[in-house]
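Structure at a glance
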Amino acid sequence: MSSPISAAARAADVWKVYGSGEAQVIALRGVSLEIERGKFTAIMGPSGSGKSTLMHCLAGLDSVTRGQVIIGDTVVTGLGDSGLTKLRREKVGFIFQQFNLLPTLTAEENILLPLAIAGRKPDQEWYQTVIQTVGLSDRLKHRPTELSGGQQQRVACARALAARPEVIFADEPTGNLDSRSGADILNFLRRSVTEYGQTIVMVTHDANAASYADRVVFLADGQIVDELTDPSADAVLDRIKRLDLSVQAAAE
Amino acid sequence: MLKAMLRGLFAHKLRLILSALAIVLGTAFMSAAFVSGDTISRGFTDLFSTVNENIDVQVTGKSDVPVNPAGGEGLVTALVPQSIVDKLKTVDGAQTVTPQVVSDGARVIDKNGKAIATTGAPRLGGAWVDGDPAVEIREGNPPRAADEVAITANLAKTGEFKVGDTIEVITLQPRQKFKVSGIAGYAGGRDSLGGETFVFFTLPVAQELMLGTPGMYSNVDIKAASGVSDGELKRRVETAIGTTEYKTLTGQETADAQASGIQSFLNVFKIALSVFGILGLITGAFLIFNTFSMLIAQRTRELALYRSFGASRNQVLNSVLLESILLGLVASLIGLGLGVLLGWAMTKLLASSGLPSGSVVLKPAVAIGTLLVGTLITVLAALIPALRASRVAPIEAMRDAARPDKPLRTMTIAGLITLAVGIVLLILRGTKAVDNNVITLGLGSFLIFIGAVMLAPALTRPITGAIGKLVDWAMPGRLGVRNTGRNPRRTALTAAALMIGVTLATGAAVFASSVKAGVTDLFRSDLNADLVIAADFASGPTAGFDPAIINQVKAIPGVTSATAIQSDAVRLNGKDGFASALDVEPSKTLFGLKAKSGDIRDLNAGEVILNDAFATETGLKPGDSTTLVTARGGESPLKVVGILQPNQLVGSPVVSFADAQGFRVPVAQQGYVKVADPSQVDAVRAQMKTLVADNPEVTVTDPSEQLKQSTSFLDLLLNVLNVLLGLTVLVAVLGVINTLLLSVFERTRELGLLRAVGMSRSKMGWMVATESVLISLLGALLGLIVGTGLGIALVKIFGGDFLKLTIPWGFLITALIGAVIAGLVAALLPAIRAARLNVLQAISYE
């Protein structure tokens, strides 16, 4: 266990239960997890394993049924709407599978949107670094509809990075992209961790994508079942196969 | 297929409810106007049938006197003499012959010294007739002495009078005291027939005070002997007294004639109100057009799917039209129900002020008309969206539903052309090239409005962008501004609905303020008087003061010139119109009368001074002879002594006070007084007040106060108009809510993202509110511009001295503030929806 200071986010014995009675679904069963600061963490697992739910709970997008979530020094569990709003402004960045850019804003305005909403001035030096890293300098005045999917996702990455949040949560960021654009994005995420010390949590079901991470956490049936450090794509695939077998065995 | 598509209709409940509400409001308003009008009219018909129940035949004098357009129909002028009554008694088959005296204009003074007013109903005075089955004494006795009167229960209640009280009554004579000998009511327990008051005098007193002529009657009621039909009796009466001087009607004909006067007034009322209902419906049509366009855009995939299953274009078209028919029909039905309820409430409200009422009347034509109009407008509004739906290609089931907006160029060019044609039509009217008002004014204004609506989409971005600069500094504001420009067609259509009401209100405001300014200027520049005696406008056509009082006014120290003005409708040179009696010498100072030809001097009996327009029209010159017919004085010869230069204050022929004695009412309506020194005005005013102190229907004021009173009527009219136009604004606000709800729904994911990157709930609300306020401001602004333009055009076209082009800035600013408030109100529900979105669900919303 690392010290609390080095953890960017933590989940302690988190349970998430949907519905009640017959229709009850337990998505998370007592998950405890520390996201190390300055590391790239991937969360993997088969469909229905609870990996997205875990990320939503970690990011404060969804409430937990039991247990506690902490981001930085903020206890997320039990925060009201204004507390959560403040948390999202200051500590959390998001990258979505569907890019989710605002069509009425230019690329630049989209990137600066979280800062504008929070009423903060962008750090010019950092902003230049970000747009150069994502390679968007010549596309800043374009609207999202004038950009390719890969470019749109790079705008979304820049948007998440611009505010230098405690943690960036990326939900299948390459899911809607061709393999080359996907690789661009993953390289970019890797660089922001290595070069700028950004903490990133990524949910994916793609072993190749997971191989860019420092650490892969495997989820099955709402529980953490395994993890790998400095994984290769083959190692990840291997674990997934084993997991699938064990899940099948458990089912039988 | 049909069932499946109808299910699609009901999947968007809230939006349908909003659209339906627009139709409901419009149809309710329209049907309420008719229901209350018809109910009141039935009430009157029943009433007159009751009143005339015991009359088989009625004889009145044939009124061949000029009709006073200002009212006073009840001021009976052609009378029936005793000799005719005697002749009627000899008619075979006439069982009873009852001569009557009834006339309008018996004003009773209440305990505060004011004349008791009615809400438009006459204040009758007449002779008590023993044995009239329609009237009964409830308390006390009928009037037996000259100083006794009986009053109706309605009057007793209003004035809090009891048997034995002394009351004062103004009639053709100034106020006189009478003792209340009894309180009367009508058969069936009614206190009044229709809100009127009635004072019963003894016959000779009534003849003198109400008719001004002893030995005369206003009408004679005849009851037929058994076995003689009303028609037969009428024929016999006509044979006996002829048809040239007297009018003989059966009871039914009398009732119909009495009711028809009311009917024509009620028709105006019904049509005026339903025009506003239809305006509301047209406003609603924009809302429905928008709703159906949106529903179809959303359901493009679904419709394409049906097409790919083999549904034909017509099937799609018909199903959408069927949806609109259903919607229109259901909404109109609810509206009709609501309208009947509203009409009933309105009737009850009016009944409390004395109008007759009965059970609610819903004519089949009204019910069918309401349903038809409501449904038709709905279907017409849905027609274009329906056609668009039928053109959805099957392939679009597979495509992403988002289609780029069509360019606005065609629409904008068409709008410019429409606008130009409209303007040209107004110019043609302005230059008198074309005189047809329907084509020039009506069609021109309509085309200008439609052109503006068509231009609105192209104007949306520039206008909202410019206004948006004000809120651009904050992120919610900036996003709101951008969202407004996202779908200019939708924004513009939503705003256009608001334009309807604002355009009409603005046009009316510009015209009214120009009238006000024109009249004020006239008063200020042409009237050279310090004090005014005037009969109160609300006191009816019989109010006024004895013109001789002005001689006493002239004697007050400090008064330099004074005249009374006594006006009435007359027939001069064979032409019906107004004439006034006034003192000509002082009027030269007071009104600036100047001679164009002949002499302008004080007149003797049989002399007339013509105004310029009258002289030009008739070709009469000084020295010519002509004739004058007055209501009471009959025909007399006149000699033209002079012709006036055009004068704004005196615009009718001037006769002598001697000839004015033949006018309907022996009172002057106005008096103007000039005082030598301004410091004496207050002293003179006080003395004048004592002179008319016993006349509660006359006030002493100054010209500016009088001006305020006369223009306050205009303000009242404008206020009523604005309240009625409020209906269209209400419907337009529903439209804004509708559009915003749809936007919130369409942009769920974006809203989720904004929340995810740290936008607070209140800022979400402000973003929606910004969009809403911008839409309302756009509509208001366009409406104000078009309305002001049309108002200016009207003022220019009608011209004249009583119009001075004035822009009502206060109104324009109030309207803009109102638009902001309306926008905020409309934003409420959509903003709450946006703020309440669950972030997680919104962001993953497909």
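Residues numbered from 1 in each chain as written. Chains lettered and ligands numbered in written order. Predicted model: local features only at pLDDT ≥ 70, side-chain atom pairs only at ≥ 80, totals over all residues. Heavy atoms only, no water.

1. Description of the overall build of chain B
Put simply, the test is: Labels follow the DSSP assignment, with helices taken as runs of H or I lasting at least four residues and strands as runs of E lasting at least two, numbered in each case from the N terminus. Residue contacts are counted whenever heavy atoms from the two residues lie within 4.5 Å of one another. Areas reported here follow the Shrake-Rupley algorithm with a probe of radius 1.4 Å; residue values treat only the protein chains shown as occluding. Residues scored as charged are limited to Lys and Arg (positive) and Asp and Glu (negative), so that His and the chain ends carry no count. The location of each charge is read from NZ of Lys, CZ of Arg, CG of Asp or CD of Glu.
From N to C terminus, chain B includes 24 helices and 24 strands. Along the three orthogonal principal directions, the C-alpha set of chain B runs to about 95 × 70 × 50 Å. Across chain B, the fraction of contacts at a sequence separation of at least 24, relative to all contacts at a separation of at least 6, is 82%. Summed over its atoms, the accessible surface of chain B is roughly 36500 Å², and 62% of this surface lies on carbon and sulfur atoms. Within chain B, one finds 73 positive and 65 negative side-chain charges whose respective centroids are separated by 17 Å.

2. Topic: the overall build of chain A
The condition that has to hold: Only C-alpha atoms enter the radius of gyration; for comparison, a globular chain is expected to reach 2.2 Å times N to the power 0.38, where N is the number of residues. Note on classification: 1.4 Å probe, protein chains only; a residue is buried when its accessible area is under 20% of the maximum for its type, exposed when over 50%, partly exposed between these limits.
When its secondary structure is counted, chain A shows eight helices and ten strands. Relative to the compact-globule value of 18 Å for 252 residues, chain A shows a C-alpha radius of gyration of 18 Å, a close match. Taking the principal axes of its C-alpha atoms as reference, chain A extends roughly 55 × 40 × 35 Å. Put simply, chain A has 252 residues, and 52% of those count as buried. Of all intrachain contacts in chain A linking residues separated by at least 6 positions in sequence, the fraction that spans at least 24 positions is 67%. Charged side chains of chain A number 26 positive and 30 negative; the gap between the two group centres comes to 5 Å.

3. Considerations on the pattern of salt bridges
Rules: The salt bridge criterion pairs a side-chain nitrogen of Lys or Arg with a carboxyl oxygen of Asp or Glu, the two atoms within 4 Å.
Counted by the stated rule, this structure contains 42 salt bridges over all chains. The salt bridge partner of D81(A) is R755(B), with a shortest N-O separation of 2.4 Å. Of this pair, D81(A) sits in helix α2 (residues 81–90) while R755(B) sits in helix α21 (residues 748–756), each in a different chain. In this structure, E697(B) engages R123(B) in a salt bridge whose closest nitrogen and oxygen atoms are separated by 4.0 Å. One end of the pair, E697(B), is in the loop between α19 (681–691) and β24 (698–701); the other, R123(B), is in strand β6 (residues 123–127), with 574 residues separating them in the sequence. As far as burial versus exposure is concerned, E697(B) and R123(B) are alike and both buried. In this structure, a network of salt bridges that share partners links the residues E109(A), D472(B), R478(B) and R482(B).

4. With respect to the sheet that holds strand β1 (residues 7–18) of chain A
Residues and elements named next belong to chain A. To be explicit about the condition: Strand pairing is assigned whenever DSSP identifies at least 2 bridges connecting the two strands. Every axis in this analysis is a line fitted to C-alpha atoms, fitted for helices over the stretch in contact. Angles between the N-to-C directions lie between 0 and 180 degrees.
Spatial ordering of the open sheet is given by β2-β1-β4-β5, a layout of four strands whose pairing is antiparallel. Since the sheet does not close on itself, it has two edges, and those belong to β2 (25–36) and β5 (74–75), each with one partner. Bridging between strand β4 (residues 66–71) and β5 involves two bridges; their strand directions are antiparallel. Looking across to β5, one finds that I70 is bridged to V75. Along the sheet, helix α1 (residues 51–58) makes contact with β1, β2 and β4, crossing β2 at roughly 60°.

5. Some remarks on helix α3 (residues 82–89) of chain B
Definition in use: This arc is built from the directions going out from the helix axis to the C-beta atoms.
When α3(B) is considered as a whole, its buried residues turn out to be I84(B), V85(B) and L88(B). Buried residues of α3(B), viewed axially, fall in a sector of 105°; they line one side.

6. Overview of the sheet that holds strand β3 (residues 40–44) of chain A
Two pairing modes exist for strands in a sheet, parallel and antiparallel, and in both the strands are linked by backbone hydrogen bonds. Residues and elements named next belong to chain A. Overall, mixed pairing links the six strands, which are arranged β6-β7-β8-β3-β9-β10 in an open sheet. At either margin of the open sheet sits one strand with a lone partner, and together these are β6 (92–95) and β10 (223–229). Each adjacent strand pair in this sheet contributes to an overall mean axis angle of 20°, direction not counted. Where strand β9 (residues 215–220) meets β10, six bridges bridge the pair, whose relative direction is antiparallel. What sits directly across from A220, in β10, is Q223. Packing of helix α5 (residues 149–162) onto the sheet brings it into contact with β6 and β7 (167–171), and relative to β6 it is tilted by some 175°.

7. Focus: helix α22 (residues 761–798) of chain B
Residue and element names in this part refer to chain B. Defined as follows: To estimate the expected span of a helix, count its residues, drop one, and scale the result by 1.5 Å.
Relative to the 56 Å expected for 38 residues at 1.5 Å per residue, α22 spans 54 Å between its end C-alpha atoms, a close match to the ideal helical length. The element α22 is largely enclosed, with a buried count of 27 among its 38 residues. Once α22 ends, the next one or two residues include G799, with phi positive near 50°.

8. Let's talk about the packing of aromatic side chains
All names here are of chain A. Rules: For Phe, Tyr and Trp, rings pair up if their centres lie within 6.5 Å, where Trp contributes its six-membered ring, and each pair is then called stacked (planes under 30 degrees apart), edge-to-face (over 60) or tilted (otherwise). Geometrically, a charge over a ring is one whose NZ (Lys) or CZ (Arg) sits within 6 Å of the ring centre while staying within 35 degrees of the ring normal.
One pass over the structure, following the stated rule, counts eight aromatic pairs over all chains. Summarising the aromatic geometry, the rings of F94 and F96 are spaced 5.6 Å apart at their centres and angled 20° between planes, so their arrangement reads as stacked. A centroid spacing of 5.1 Å and a plane angle of 90° characterise the contact between W126 and Y196, whose relative ring orientation is edge-to-face. With a gap of 70 residues between them, W126 in helix α4 (residues 124–134) and Y196 in helix α6 (residues 179–196) connect regions that are remote in the sequence. By way of ring pairs, the aromatic residues F94, F96 and F169 are connected into one cluster. Cation over ring: R66 sits above W15, and NZ or CZ is 4.8 Å from the ring centre. Lying across the ring of W126, R164 places its NZ or CZ 3.8 Å from the centre.

9. Re a nonpolar patch on the surface
The line we're drawing: Excluding any residue in a salt bridge, patches collect residues exceeding 30% relative accessible area, merging like charges within 9 Å and nonpolar Val, Leu, Ile, Met, Phe, Trp and Tyr side chains within 5 Å.
A grouping of L322(B), I325(B), L326(B), L329(B), V330(B), L333(B) and I334(B) is seen on the molecular surface, where their side chains present a nonpolar patch of about 540 Å² in accessible area. Here L326(B) lies in helix α9 (residues 313–352).

10. Description of the nonpolar core
A general trend in soluble globular proteins is that nonpolar side chains are found buried together. Test applied: To form a nonpolar core, buried Ala, Val, Leu, Ile, Met, Phe, Trp, Tyr and Cys residues must be joined to one another through side-chain atoms within 4.5 Å.
Counting 109 residues, the largest nonpolar core has L58(A), L113(A), F169(A), L479(B) and L754(B) as its most contacted members. Counting residues in each nonpolar core, the second largest holds 46 residues, with L136(A), L147(A), L177(A) and V216(A) among its members.

11. Topic: the interface of chain A and chain B
Condition: In this description, buried area is defined as the sum, over both parts, of the accessible area (probe of 1.4 Å) that is lost when the two are combined. Polar contact criterion, stated in full: a pair of N or O atoms within 3.5 Å, where within protein one must be able to donate a hydrogen and the other to accept it, and residues adjacent in sequence count only if both atoms are side-chain atoms. Note on residue categories: nonpolar means Ala, Val, Leu, Ile, Met, Phe, Trp, Tyr, Cys or Pro, charged means Asp, Glu, Lys or Arg, and polar means any other residue, Gly included.
Opposite the 21 residues of chain A that make contact, chain B presents 22 residues. Here chain A meets chain B over a buried area of about 2200 Å², counting both sides, of which 62% is carbon and sulfur. Taken together, chain A and chain B are joined by four salt bridges. With its nearest N and O atoms 2.6 Å apart, the salt bridge here joins R482(B) to E109(A). For the pair chain A and chain B, the number of links is eight residue pairs in polar contact (both at pLDDT 80 or more). Counting residues per element, the ones that place at least two in the side of chain A that touches chain B are α2 and α3 (107–118) of chain A. For the side of chain A that touches chain B, the element with the highest residue contribution is α3(A), accounting for five residues. For the side of chain A that touches chain B, the per-class residue count stands at ten nonpolar, five polar and six charged.

12. A look at the environment of S312(B)
All names here are of chain B. Structurally, the position occupied by S312 is in the loop between α8 (300–308) and α9. Relative accessible area serves as the criterion here: at 32%, S312 is assigned to the partly exposed category. With 78 residues separating them along the chain, S312 and S390 place their C-alpha atoms 8.2 Å apart.

13. Some details on the pairing of strand β16 (residues 559–572) of chain B
Residue and element names in this part refer to chain B. Burial analysis of β16 places twelve of its 14 residues in the buried class, the great majority of the element. Judged from the six bridges that link them, β16 and strand β23 (residues 670–675) form a sheet pairing that is antiparallel. Considered in β23, the bridge of S561 is made with K674. Strand direction decides the pairing type here: β16 and strand β17 (residues 575–581), joined by seven bridges, are antiparallel. By the bridge assignment for β17, Q566 is matched with A581. For β16 and strand β20 (residues 625–630), the ladder comprises two bridges, and the chain directions are antiparallel. Counterpart to L572 in the pairing with β20 is L628.

14. Some details on the environment of Q552(B)
Residues and elements named next belong to chain B. Along the chain, Q552 falls in helix α15 (residues 549–554). Owing to a relative accessible area of 45%, Q552 belongs among the partly exposed residues under this scheme. A sequence separation of 139 residues divides Q552 from L691, and the C-alpha atoms of the two residues are 8.0 Å apart.

15. Here we look at the domain arrangement of chain B
Rule in force here: Residue ranges assigned to each domain were obtained from an automatic or database domain assignment.
Domain parsing of chain B yields domain 1 (58–262), domain 2 (457–527 + 703–846) and domain 3 (531–701). The gap between the C-alpha centroids of domain 1 of chain B and domain 2 of chain B is 55 Å.

16. Brief notes about the environment of N647(B)
Along the chain, the position of N647(B) falls in the loop between β21 (634–644) and β22 (654–655). Sequence spacing of N647(B) and F178(B) is 469 residues, and the spatial spacing of their C-alpha atoms is 45 Å.

17. Focus: the packing of α22(B) against helix α23 (residues 809–836) of chain B
All names here are of chain B. Our working rule: By convention the crossing between two helices is left-handed if the near helix lies anticlockwise of the far one by an angle smaller than a right angle, and right-handed if it lies clockwise.
One can describe the packing of α22 onto α23 by two numbers: an axis separation of 7 Å at closest approach and a directional angle of 145°. α23 is crossed by α22, and the crossing has right-handed handedness. Tallied by class, residues from the contact of α22 with α23 come to 23 nonpolar, five polar and one charged.

18. Considering the side chain of N647(B)
Residue and element names in this part refer to chain B. Residue N647 is classed as buried on the basis of its relative accessible area, which comes to 16%. Among the polar contacts made by the side chain of N647, one reaches the main-chain carbonyl oxygen of F591 at a distance of 2.8 Å. One polar contact links the side chain of N647 to the main-chain amide nitrogen of V650, over a distance of 3.0 Å. Apart from the residues lying within four places of it in its own chain, the contact partners of N647 are F591, G592 and L593.

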